[in-house]
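# Remarks on the overall topology
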Amino acid sequence: MTMMTSRARVRGLGSAKSGTEHWWTQRLSAISLAVLAPLFFIPFAIALGKPWDEVVTIYKHPFNAIVAAAFLLAVFHHMRLGLQVVIEDYIHAPALRTGLLIFVKLGSLLLGFAAAFSVAMIAFAV
Amino acid sequence: MSQTEHGAAVNRGNRPLSPHLQVYKPQITSVMSIFHRVTGVGNSIGAILVAIWFISAAIGAGPFDTVNGLLTSWVGHLILFGFALSVCYHLCNGIRHLLWDAGYGFELDQVKTTGIVAVSAAGLMFLGLMIVGWMN
């Protein structure tokens, strides 16, 4: 017997040693995206198809740049959590499943940071 | 004999499998749930394209023109069209999911109403996005 309450044991320390964190961070990123997506997609729809210098001008605006960077980081986090669930549901071969989970986690981290860094480069350097 | 995910053999005998998706009549609840997952995976492909677009713009005008040329080709437009639809649906139905998470809207009639509202809102959002995209 431990001296912990049932709730304290569940919070963050379930059988998977991560408790409800996956569920919770997915909701947090969902709430962020519900706000950020409209703010991101309007300038993005305007910029899409325009020549390079006009696109750069749009994303040199601090508001567009901050929204785009925050949106991209939230998107790739949310995408990683979502794809993880899809893989866990449908891919049963252990090696393939683990391989895909590693690929999705590392790939989304890399792409998310690269995309957000690119927005910063456009805003500051290009 | 079939295998569990850990590779251990399990004797399932001749017992029938439980009924699965294809035996049920499609309903607004199940169809919208399936589409939420499908559009989620679709959005991942779109997100990768958006990332490539930003990365190419950061590298310079040359690489950007290549990516931009692909995205503004007819195949590119078709993909962007699908991506926009997919994002609008996932966003509107996602808000419906967040309401469920907060404990609201579990009655059957509410589930149907919010479903119709989410699809309609997604349609309007898609039209708005297309207008913004085409006008500029």
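Summarised in this report is the structure supplied together with it. (Residues numbered from 1 in each chain as written. Chains lettered and ligands numbered in written order. Predicted model: local features only at pLDDT ≥ 70, side-chain atom pairs only at ≥ 80, totals over all residues. Heavy atoms only, no water.)

Another aspect to go through is the overall build of chain A. Along chain A, the regular secondary structure elements total 5 helices and 0 strands. For chain A, the sequential pattern of α-helices and β-strands runs α-α-α-α-α. The proportion of buried residues among the 126 residues of chain A is 37%. Sequence separation of at least 24 residues holds for 67% of the intrachain contacts in chain A that already meet a minimum separation of 6. Total accessible area on chain A is roughly 7,500 Å²; 74% of this is exposed by carbon and sulfur atoms. (Helix = DSSP H or I, 4+ residues; strand = E, 2+ residues; numbered from the N terminus. Buried < 20%, exposed > 50% of the residue type's maximum accessible area, 1.4 Å probe, protein only. Contact = heavy atoms within 4.5 Å. Areas by Shrake-Rupley, 256 points an atom, 1.4 Å probe, with all protein chains shown as cover.)

Next up on the list: the overall build of chain B. Along its length, chain B carries 4 helices and 2 strands. Reading chain B from its N end, one meets helices and strands in the order β-β-α-α-α-α. For 136 residues, the compact-globule estimate of 2.2 N^0.38 gives 14 Å, and chain B exceeds it by more than 25% at 21 Å. Taken over 136 residues, chain B has a buried fraction of 31%. The long-range fraction of contacts in chain B, counting pairs at least 24 apart against all pairs at least 6 apart in sequence, stands at 61%. (Rg over C-alpha atoms; globule rule 2.2 N^0.38 Å.)

Glancing now at the packing of aromatic side chains. The description of an aromatic ring pair uses the distance of the two centres, along with the angle that the planes make with each other. As enumerated under the stated definition, the model contains 15 aromatic pairs over all chains in all. When the centroid spacing of 6.1 Å and the interplanar angle of 85° are considered together, the rings of F41(A) and F44(A) count as edge-to-face. Separated by 3 residues within a single helix, F41(A) and F44(A) lie in helix α2 (residues 21-47), roughly one turn from each other. We classify F41(A) as buried; its relative accessible area is 11%. These aromatic residues form a ring-pair network of at least three members: F40(A), F41(A), F44(A), Y59(A), F71(A), W53(B), F54(B), F64(B) and F83(B). (Phe/Tyr/Trp six-rings, centres within 6.5 Å; stacked < 30°, edge-to-face > 60°.)

A word on a nonpolar patch on the surface. Taken together, the side chains of L73(A), I102(A), L106(A), L109(A) and F113(A) make up a nonpolar region of the molecular surface, amounting to roughly 480 Å² of accessible area. Tracing the backbone shows L106(A) in helix α5 (residues 94-124). (Patch = residues over 30% accessible without salt bridge, like charges linked within 9 Å, V, L, I, M, F, W, Y side chains within 5 Å. Salt bridge = Lys/Arg side-chain N within 4 Å of Asp/Glu carboxyl O.)

Next up on the list: the packing of α2(A) against helix α1 (residues 28-59) of chain B. Following both chains from N to C, one finds α2(A) and α1(B) inclined at 60°, their axes separated by 13 Å at the closest point. Considering their axes alone, α2(A) and α1(B) lie oblique with respect to each other. Handedness of the α2(A)/α1(B) crossing: left-handed. From α2(A), F40(A), F44(A) and A47(A) reach across to α1(B), where they touch V50(B), W53(B) and F54(B). Looking at side-chain class alone, the contact of α2(A) with α1(B) contains 6 nonpolar, no polar and no charged residues. (Axes fitted to C-alpha atoms, helices over the stretch in contact; angles between N-to-C directions. Parallel < 35°, antiparallel > 145°, perpendicular 65-115°, else oblique. Left-handed = near helix turned anticlockwise from the far one by under 90°. Nonpolar A, V, L, I, M, F, W, Y, C, P; charged D, E, K, R; others polar.)

We now examine helix α2 (residues 61-71) of chain B. Along α2(B), the positions that sit buried rather than exposed are F64(B), V67(B), N68(B) and L71(B). Buried residues of α2(B), viewed axially, fall in a sector of 100°; they line one side. Exposed and facing more than 90 degrees away from the buried side of α2(B) are T66(B) and L70(B). Of the surrounding secondary structure, the elements contacted by the buried residues of α2(B) are α3 (52-60) of chain A together with α1 and α3 (74-101) of chain B. (Arc of directions from axis to C-beta.)

For the rest of this paragraph, the subject is the side chain of S118(A). Summarising the element assignment, S118(A) is placed in helix α5. Filtering out sequence-adjacent residues up to four positions away, S118(A) remains in contact with F54(B), I55(B) and A58(B).

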